[in-house]
Amino acid sequence: MAAPNVLGIIYSNVYDDCLSELTSVRTMGSVPFAGRYRLIDFVLSSMVNSGIAKVGISTKANYQSLMDHIGSGKSWDLSRKRDGLTILPPFNLTGSGGVYKNRLEALGGMLSYIADSGKDYVLLSDCNVVCNLDYEAIVDEHIKSGADITVAYKRGMVPKLENIMTFALDGDRITNVTVGQAGDTAGDYSLNIIVMSRILLERLVSSAQGQGYDNFERDIIAKNVSSLYIRGHKIDTYAKTVESLQSYYDISMGLLTGEYKELFAKDHPVYTKVRDDMPAIYGVCADAKNSLVADGCIIKGTVENCILFRGVQIAEGAVVKNSIIMQDSFISSGAKINCAILDKNVVIKPGRELSGAESYPIYIGKNITV
Amino acid sequence: MVKKTECLAMLLAGGQGSRLGILTKNIAKPAVPYGGKYRIIDFPLSNCINSGIETVGVLTQYQPLELNDYIGNGGPWDLDRSYGGVHILSPYQQIKGTEWYKGTANAIYQNINFIDRYNPEYVAVLSGDHIYKMDYNKMLEYHKAKDAACTIAMLEVPWEEASRFGLMFVNDDGSISEFEEKPKNPKSNKASMGVYIFTWSKLRQYLIDDENNPDSGNDFGHDVIPAMHSKGERMFAFKFDGYWKDVGTIDSLWEANLDLLNPKVDLDLSDDSWRIYSRNPIAPPHFISAKAKVENSMVGEGCYIEGDVDYSILFSNVTIEEGATVRYSIIMPGTTVKAGAVVEYAIVAENAVIDEKAHVGESPEEIASLDAWGVTVIGEKVTIGKGATVKAKEMVDTDVKGEE
C-alpha cells in the first residue's frame, strides 16, 4: 500500500505534434477517445484506482479544453482538501525565455510543487498511452526491488516517436538505453511511466539543469544506466501508444475487435466528466453492427464498425462505416461515410459522400460543415 | 449578505408505492429506475434546479437507504451548497415522543423548523414520484400575480381516467371554485398534479391548525386544501400541458418507459435547456456486436449486446447474449439475459440473470382474454433458471429453478 505516498505527474502536452490534426485545438490529454473519454482519463483513472491521491498535470499550450474537462477534479474524486488535483500552468523559468521546451524544463518549472508535495515517490506519465493499469503494483515492485528508477515497457513494434526509449535488459535491470528510433523495428520500448523517489527526481532535475542538459530521456535515464539501478517493468496487459493519426484510428478500431473488454475491465472503472446525456436511442429502422455507442446518440440510419461519441446523430438513410464520429456531430440522411475521423460538431449535409481508406482515414476538423 | 431564499421546495419521497409490488420491496418509489439511466426522483429534483429553486427538503420514510445514498450530497443536481442545497429529512425523535410521518401534511408540519431556518416567502410541495418537466418558476410568478395563498398545478386528463384523480372546478380567472377527490362520476377533467405552491405564512398556520384537529388525516389533498378552501383563501389552478405521468402501477411504469420511444410523446430528454440530471453510472459506451440487432430502443452505458433488442429500454451494464431476444421490455442495470433466452412484455429489475433459453413474459396476442394479460416482473438479483418459463402478469422475487 505505497500508493498514498506517491505523487502523480502527468504531461498533458508531450507528443502533441504527432497528432497535429487532433491537437490543433487541444492538448494530447484532451484528445477524445473511445466514445466518451479524453486520453488523460485513462492515466488519471489508473492513478485514482491505484490509490494515488495527489496529481499534478503539466500543461504547455492550448489547455483550455483540458481545464474544461478536468474542472476541479471532482469526476475522479480528486477535488479534495488534502492532496487532490492541480493543473500546473507553464512556468516561466528565469533565463529560459518563455514556455518550457522539453520534459526536463517542465519538471524544472514544477520543482517546488514536487518538493512541497511531501510524498516520498513520484510517478511520471504521458497521455498518449491508452491503458488501464495497476500503478500500485508498479510502485510496490519498485520499492521491493530496491531500484532507483523503474520504467514500464512493452515488447513490440517501437512507436515512431521523438526520443522514444528502447531498452536492453539483463533480467529486470536496464543495461542500455537507445533514445530515438527510426524505421520499423521491434523491441522493448518505454511506455514512459516512470517511478522514482522524490528526492532522487529533485536531485537529478536540479543537477541536469545546472549542467544545461535539455533531454530527459538522454540526460536523466540513458546517462545513468550504469550509475543507477534502472529497472524495467514489463507490461503484458493492454497498453497502446498513440503515435500518429493512423495509430489513433487503428487503436480505436481495435476496441471493436475484442479489445473493448481488455481496456474496460469491470474492477478498473475509467472516470470522465459527466455530461448528463440521455441514454442512446435507436430508431425504428436503425441498423447498427459492431460499434461502440455513447449516450446521447440518436441512431436512425446504418452504422457499422464505428465509434460514436456522445450526442452524435445519424439520420435515417445515412450510412456510416469504419469511422470515428466525435461528440455532437450530425450525419444527414443519404450521406455516406467510410473510414473517416470526424472531430466535434461536424455536420455532414444530405447526400454527401466521404471515403478514406483503412490505411489512410480522412480527417474532418472541429465545427466544419461538409 | 446571504441571498434570501424566496421559494423552498419540499419533496414528498416517503411513499412505498405498494402497487409496484416487488420493485419497491427494498426501495422507496421515488428511487425506482426509469428511462435507461434515471430514477423517478431525478425529475422533480432537476425541475427544482432548472427552475432556480436551490433549497430542497426531501422527506423520506419508507426504505430510505438507497434513496439517501442516491441523493447523497446532491452534487449531480448542483444541489451541494454551503447555503441551502438538498437536505434529507427523516422522521426524528422529539421531546414529546417519536412519530412517523402520519400523512403528507404532517410530514411538512414536522419540518416547520427546517423551513423556518430559511424563512422563505413561498414553499413548493412536490411529489417525488411523478415524471414530468415543469418550470416551477412560471408557476411561482403566477402565484404571485394572483396574490394566491395556494396554487395547484392542473392538468386536463382524458375523461375516462378522470375518476382516478383529485379534480378541480376552475373559474374563468383561474380561481378554484370546488374540489372533488376521485369521484365515481367526474364532472370535471381538470386534475391536480400534486404540485403545490403555498405562501409560507398561510400554510404554516394551516399546518398547525391541521395538527391540532384530531379528526384530520393530515393529508394535503384530503384535509389541508379543503380547509383552506372552506376558509375562503385565494386558491388558483395553474394550467400545465406537457407530459406528466404518475407511475403508480407496474403497467404505468412499463408504459411510461416505452413512452420515451414514441416520437409523439412530449418528453424530450435530450433538451439542453431542461436537462434531467442524475447520478451517472461509471461505465464505457455500450457495445453492439456484429450479430446484434437493435431497433427502436434506448440503450444505456456499459451494455454489451449480441442479441436482438426491439422496442425496449436497457439500463446501464446490461448484457444481452447471442441469440437472446428482448422486446417490449424494461431491463434494469446490471442484468444479464443469456443465450437463447426470450424476455418480452416484462420489467426485469437490477442484477437479475435470465439463464439460457428461459422465457419471461408473454405477448398479449398469445393470451385469450386481455384481463389475464399483464406485464411480467422479475425482482432484483433473481435468477430464472435454464429453460424456465415465467408467465404473463407474474411477479417473481425468488429464484426460479430451471430444467436439469
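Owing to the predicted nature of the structure, the values given are computational and were not obtained by experimental measurement.

Regarding its fold elements, chain A presents 10 helices and 28 strands. Computed over its C-alpha atoms, the radius of gyration of chain A comes to 21 Å, within 12% of the 21 Å expected for a compact globule of 370 residues. Its C-alpha atoms give chain A principal-axis dimensions of roughly 65 × 45 × 45 Å. Buried positions account for 60% of the 370 residues belonging to chain A.

Residue and element names in this part refer to chain A. With parallel pairing, the five strands of this open sheet are ordered in space as β15-β18-β21-β24-β27. Of all strands in the sheet, those bounded by a partner on one side alone are β15 (287-289) and β27 (353-355). Ignoring strand direction, the axes of neighbouring strands in this sheet form an average angle of 5°. Sheet topology places strand β24 (residues 336-338) next to β27; three bridges connect them, and they run parallel. Looking at the pairing, Lys336 lines up with Glu353 of β27.

A few words on the sheet that holds strand β17 (residues 293-295) of chain B. Residues and elements named next belong to chain B. Pairing in this open sheet of six strands is parallel, and the strands run β17-β20-β23-β26-β29-β32 from one edge to the other. Strands at the two margins of the open sheet, each flanked by one partner only, are β17 and β32 (389-390). Pairing analysis gives two bridges linking strand β29 (residues 359-360) to β32, with the strands arranged parallel. Following the sheet pairing, His359 is matched in β32 by Thr389.

Taken together, the 34 residues of chain A in the interface contact 35 residues of chain B. Across the chain A/chain B interface, buried area totals approximately 2800 Å², and carbon plus sulfur atoms make up 53% of it. On the chain A side of the contact with chain B, Asp276, Pro279 and Tyr282 of chain A bury the most area, a combined 24% of that side's loss. Summed over the shared surface of chain A and chain B, the number is three salt bridges. Between Arg275 of chain B and Asp277 of chain A there is a salt bridge, with the nearest N and O atoms lying 3.6 Å from each other.

Attention now goes to the layout of surface pockets. Volume-wise, the second largest pocket comes out at about 810 Å³. Residue lining of the second largest pocket: 25 residues in total, with Lys74, Ser75 and Val274 of chain A together with Gly75 and Pro76 of chain B positioned closest to the centre. Ranked by residue count, the leading element in the lining of the second largest pocket is helix α3 (residues 64-70) of chain A, at three residues.

Bringing the nonpolar core into the picture now. Counting residues in each nonpolar core, the largest one holds 107 residues, and the members touching the most others are Phe33, Leu124, Tyr135, Ile149 and Tyr248 of chain A. At seven residues, the largest contribution of residues to this core is made by helix α2 (residues 39-49) of chain A. Once residues lying within four places of it in the same chain are set aside, the contact partners of Leu124 of chain A are Ile9, Tyr11, Leu107, Asn192, Ile193, Ile194, Met196, Leu201 and Phe216 of chain A. Within the second largest apolar cluster, 81 residues are counted, among which are Leu45, Val265, Tyr345 and Ile367 of chain B.

In this section: the environment of Ser24 of chain A. Mapped onto the elements of the fold, Ser24 of chain A is located in the loop between α1 (20-23) and β2 (32-33). Taking the C-alpha atoms as reference points, Ser24 of chain A and Lys366 of chain A, 342 residues apart in sequence, are found 9.8 Å from one another.

Okay, the state of the cysteines next. Note: disulfide means a covalent bond formed between the sulfur atoms of two cysteine side chains. Residue and element names in this part refer to chain A. Applying the stated rule across the entire model yields zero disulfides over all chains. Here Cys285 is not disulfide-linked; the sulfur of Cys297 is the nearest cysteine sulfur, at 18 Å. Cys339 forms no disulfide, and the closest cysteine sulfur to it belongs to Cys306, at a distance of 9.2 Å. For Cys339, a relative accessible area of 3% puts it in the buried group.

Residue and element names in this part refer to chain A. When the domains of chain A are assigned, the result is domain 1 (3-263) and domain 2 (281-364). In this structure, domain 1 and domain 2 have C-alpha centres spaced 33 Å apart. Facing 20 residues of domain 1, the contacting portion of domain 2 comprises 24 residues. The three residues of domain 1 that bury the most area against domain 2 are Gly35, Tyr249 and Leu256, which together make up 35% of that side's buried surface.

This brings us to empty space enclosed by the protein. Residue and element names in this part refer to chain A. Counted under the stated rule, the structure contains three cavities of 30 Å³ or more. For the largest cavity, the calculated volume is near 50 Å³. Forming the walls of the largest cavity are Pro32, Arg36, Tyr37, Arg38, His69, Phe309, Arg310, Gln327 and Lys344. Across the lining of the largest cavity, the residue classes tally to three nonpolar, two polar and four charged. Residues lining the lining of the largest cavity come from more than one domain, with at least three contributed by each of domain 1 (3-263) and domain 2 (281-364).

Basis of the calculations
- Residues numbered from 1 in each chain as written.
- Chains lettered and ligands numbered in written order.
- Predicted model: local features only at pLDDT ≥ 70, side-chain atom pairs only at ≥ 80, totals over all residues.
- Heavy atoms only, no water.
- Helix = DSSP H or I, 4+ residues; strand = E, 2+ residues; numbered from the N terminus.
- Rg over C-alpha atoms; globule rule 2.2 N^0.38 Å.
- Buried < 20%, exposed > 50% of the residue type's maximum accessible area, 1.4 Å probe, protein only.
- Pairing = 2+ DSSP bridges.
- Axes fitted to C-alpha atoms, helices over the stretch in contact; angles between N-to-C directions.
- Contact = heavy atoms within 4.5 Å.
- Buried area = accessible area lost by both parts, 1.4 Å probe.
- Salt bridge = Lys/Arg side-chain N within 4 Å of Asp/Glu carboxyl O.
- 1 Å grid on protein atoms, 1.4 Å probe; cavity = no way out; pocket = protein on both sides within 12 Å on 5 of 7 lines; lining within 4 Å.
- Points joined across faces, edges and corners; volume = space filled by probe spheres on them.
- Core = buried A, V, L, I, M, F, W, Y, C linked by side-chain atoms within 4.5 Å.
- Disulfide = S-S within 2.5 Å.
- Domains from an automatic or database assignment.
- Nonpolar A, V, L, I, M, F, W, Y, C, P; charged D, E, K, R; others polar.

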